[in-house]
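The chain contents come next:
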Amino acid sequence: MVSVQPLKSVSVAPEDRLHEANNPSSLVAKFGADEPLRLDCGVDLAPFQIAYQAYGTLNADKTNAILICHALTGDQHVFNKNPVTGKPGWWGTMVGPGKALDTDRYFIICSNVLGGCMGSTGPASINPATGKIWGLDFPVITIPDMVRAQTMLIDRLGITQLFCVVGGSMGGMQTLQWTAAYPERVFSALAVACATKHSAQNIAFHELGRQAVMADPDWRGGRYFEEGTHPHRGLGVARMAAHITYLSDAALHRKFGRRMQDRELPTFSFDADFQVESYLRYQGSSFVERFDANSYLYLTRAMDYFDIAADHDGHLAEAFRDTQTRFCLMSFTSDWLFPTAESRDVVHALNAGGVRVSFAEIETDKGHDAFLLDVPEFLDIADAFLNSAASVHGLPVAEAGK
């Protein structure tokens, strides 16, 4: 008889995930019925809340604030222990004392995006009109919607202009949207491994993931919380497929090759014989413990809809024309999710718009996820860009060799 071992079931209780979605272990900015957020789909969202974390100290002039925009499966816990997983913050290579995003010099803000599941209003939140979980009744959102919500948070903090907006992948999309929609509010921008629109291939991968979620019998039309189920198998498969796109062939070969997992010979079953299979199953199983399936649908859809040029009659350069924001864009040679050519398109548009921009393509075999890893050249360039911008902005510059 053939052995089959599916993804492990989720171990985090539904009530724990719901608690974090509605009463997060972080700071929260709440906006009442008199402060609606106008969404691109035509809906006024109110009331709503944005969960966020802040590190460092805001200076007296409020000129040292940096906003970090997180990627698709990230959250606001960029430098502190994640309350769900217990793991360290997701960007320890970039954030902290003496790092490029220096918490001794800058006031670092990171908010959970609108539509997320770690405290900002989204499909896992309670709909105040019904007292039930939003689910698929939550309106479809866009990257510009996320950024508008962030501006309301920044206004609440009394910050007129951000020293820098920083982000990679979906976070990079938000960063570029900030500069296009609110150029006067962004002194500098560091956008990594991203583009101003999603490719057909990326939309296709997202659709694969969404279909995996919706094909899970436990998804229940998005009402899984109400019915006491969880589509962990479908969401796990979606994560596995997406995670493959975050890596490169070289990285997978270097990490795993064709090595067996805890055995010398194949089992002649559908168990995880290969290390790479075991790794992907682990990624799928661990992801479903911290992320909401409906949020995954909404956030991937927001990325698919993103297209800055479309909002400017198809002319990308017009989105950035004459902005005073200083830009640094970076890409990675082995990133096939957001290849270098897409970053170059943005750079060309910025050049055509008369904007200050620097660009670097980093040589690495670590794939799209390289911005989350210890890649010295990437970290050094980010540090140098921020130091240069700080000098012009009148902020303290890091000591040489620090």
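All values reported here derive from a predicted model rather than from experimental measurement.

Asker: Before we go on, may I ask you to explain the nonpolar core in this structure?
Answerer: Soluble globular proteins: nonpolar side chains tend toward being buried together. Counting 78 residues, the largest nonpolar core has I109, M146, W178 and F320 as its most contacted members. Once residues lying within four places of it in the same chain are set aside, the contact partners of I109 are Y52, Q53, A65, I66, L67, I68, L153, I154, L157 and I159. With 36 residues, the next largest nonpolar core counts L190, F371, A390 and L395 among its residues.

Asker: Before we go on, may I ask you to explain the packing of helix α5 (residues 232–246) against helix α7 (residues 275–288) in this structure?
Answerer: When two helices pack together, their arrangement is captured by the angle between the axes and the distance separating the axes. In the contact formed by α5 and α7, the axes pass within 8 Å of each other and the chain directions differ by 125°. It follows that α5 is oblique to α7 by the angle criterion. Of the two possible hands of crossing, α5 and α7 adopt the one that is right-handed. Packed against α5, whose contacting residues are H232, L235, G236, R239, M240, H243 and I244, the element α7 presents Y279, L280, R281, Q283, G284, F287 and V288 at the interface. Classifying every residue of the contact of α5 with α7 by side-chain character gives 7 nonpolar, 5 polar and 2 charged.

Asker: Looking at this model, I keep getting lost on the packing of aromatic side chains. Mind explaining?
Answerer: Here the distance between the centres and the angle between the planes together describe a pair of aromatic rings. Here the structure, examined in full by the defined rule, presents 17 aromatic pairs. Ring geometry for F163 against F187: centres 6.2 Å apart, planes inclined by 20°, an arrangement best described as stacked. Note that F163 is positioned in strand β9 (residues 162–168) and F187 in strand β10 (residues 186–192), a separation of 24 residues in sequence. Linked through ring pairs, W90, W91 and F371 together constitute an aromatic cluster. R239 extends its terminal NZ or CZ atom over the ring of F287, reaching a point 4.8 Å from the ring centre.

Asker: Even after reading the chapter, I still don't get the pairing of strand β6 (residues 107–111), so can you show me in this structure?
Answerer: The two faces of a sheet get side chains in turn, since along a regular strand they alternate between them. β6 sits mainly inside the fold: 5 of its 5 residues count as buried. In β6, alternate side chains face the same way, and those of F107, I109 and S111 on one face and I108 and C110 on the other are all buried. One ladder, built from 4 bridges, connects strand β4 (residues 48–55) with β6; its direction is antiparallel. Within β6, the position partnered with Y52 by the bridge is S111. Strand direction decides the pairing type here: strand β5 (residues 65–69) and β6, joined by 4 bridges, are parallel. Looking across to β6, one finds that I68 is bridged to C110.

Asker: How should I be thinking about the pairing of β9 in this particular structure?
Answerer: Extensive coverage of β9 is indicated by the burial of 7 of its 7 residues. Relative to β9, β5 is paired through 4 bridges, and the arrangement is parallel. By the bridge assignment, C69 is partnered in β9 with G167. As paired strands, β9 and β10 are joined by 6 bridges and run parallel to one another. The residue of β10 that forms the bridge with G168 is V192. With respect to chirality, the unit in which β9 leads through helix α3 (residues 170–181) into the neighbouring parallel β10 is right-handed.

Asker: What should I look at first to understand the pattern of salt bridges in this one?
Answerer: Scanning all chains against the criterion turns up 16 salt bridges. E207 is the salt-bridge partner of R210, the closest N and O atoms lying 3.3 Å from each other. Of this pair, R210 and E207 both sit in helix α4 (residues 200–215), 3 residues apart, which is roughly one turn of that helix. R210 gets classed as buried once you look at its relative accessible area, which sits at 6%. Linking R220 and E227 is a salt bridge whose minimum nitrogen-to-oxygen distance equals 2.8 Å. Since its relative accessible area comes to 31%, R220 is described here as partly exposed.

Asker: Can you walk me through the side chain of T142 in this structure?
Answerer: Relative to the helices and strands, T142 resides in the loop between β8 (132–133) and α2 (143–156). Residue contacts for T142: discarding those within four places in its chain leaves D40, R148 and A302.

Asker: Explain the sheet that holds β10 here, please?
Answerer: Within a beta sheet, neighbouring strands are joined by backbone hydrogen bonds and run either parallel or antiparallel to one another. Spatial ordering of the open sheet is given by β1-β4-β6-β5-β9-β10-β11-β12, a layout of 8 strands whose pairing is mixed. In this open sheet, the two strands that pair with only one neighbour each are β1 (27–31) and β12 (357–362). Averaged over neighbouring strand pairs, the angle between their axes works out to 20° when direction is ignored. Where α2 meets the sheet, its contacts fall on β1, β4, β5, β6 and β9, and the angle it forms with β1 comes to roughly 105°.

Asker: How should α3 be read in this particular structure?
Answerer: Side chains that are three or four residues apart share a direction in an α-helix, a result of its 3.6 residues per turn. With 12 residues, α3 should reach 16 Å at 1.5 Å per residue; the first-to-last C-alpha distance of 16 Å fits that figure. In terms of burial, α3 is a largely internal element, 11 of the 12 residues being buried. Along α3, the residues that are buried comprise M170, G171, G172, M173, Q174, T175, L176, Q177, W178, T179 and A180.

Asker: Honestly, the environment of N351 in this entry has me stumped. Any pointers?
Answerer: Along the chain, N351 turns up in helix α10 (residues 340–352). Residues N351 and A317, spaced 34 residues apart in sequence, show a C-alpha to C-alpha distance of 8.0 Å.

How each quantity is defined
Per chain, the residues get numbers from 1 upward, laid out in the order the sequence is written. Only residues with pLDDT of 70 or above have their local features reported here, since the model is predicted, and side-chain atom pairs are shown and tallied only from 80 upward, although totals for entire chains, interfaces and linings are computed over all residues. Note: side-chain values were computed over all heavy atoms of the structure, leaving out hydrogens and water. To define a nonpolar core, start from buried Ala, Val, Leu, Ile, Met, Phe, Trp, Tyr and Cys residues and group those joined through side-chain atoms within 4.5 Å. The rule is simple: take the accessible area with a 1.4 Å probe, protein chains only, and divide by the maximum for that residue type; under 20% is buried, over 50% is exposed, in between is partly exposed. Whether two residues are in contact is decided by their heavy atoms, any of which lying within 4.5 Å being enough. Convention adopted: a line fitted to C-alpha atoms gives each axis, helices being fitted over their contacting stretch, and angles between N-to-C directions are expressed from 0 to 180 degrees. Helix and strand assignments follow DSSP, with helices taken as H or I runs no shorter than four residues and strands as E runs no shorter than two, numbered in order from the N terminus. Under this scheme an angle from 65 to 115 degrees is roughly perpendicular, one under 35 degrees roughly parallel, and one over 145 degrees roughly antiparallel; angles in between are oblique. The crossing is said to be left-handed when, going from far helix to near helix, the turn is anticlockwise and less than a right angle, and right-handed when the turn is clockwise. Each residue gets one of three labels, nonpolar for Ala, Val, Leu, Ile, Met, Phe, Trp, Tyr, Cys and Pro, charged for Asp, Glu, Lys and Arg, and polar for the others, Gly among them. Note on aromatic pairs: the rings of Phe, Tyr and Trp (six-membered ring only in Trp) are paired at centre separations within 6.5 Å, and the planes decide the class, stacked below 30 degrees, edge-to-face beyond 60, tilted for the rest. The rule for a charge over a ring is simple: NZ of Lys or CZ of Arg within 6 Å of the ring centre, and within 35 degrees of the ring normal. Any two strands with at least two DSSP-identified bridges between them are counted as paired. Whether a crossover is right-handed depends on one test, that the path from the first strand over the helix to the second runs clockwise when the strands point away from the viewer. Any carboxyl oxygen of Asp or Glu that lies within 4 Å of a side-chain nitrogen of Lys or Arg is treated as forming a salt bridge with it. Here the expected span of a helix is defined as 1.5 Å times the quantity of residues minus one.

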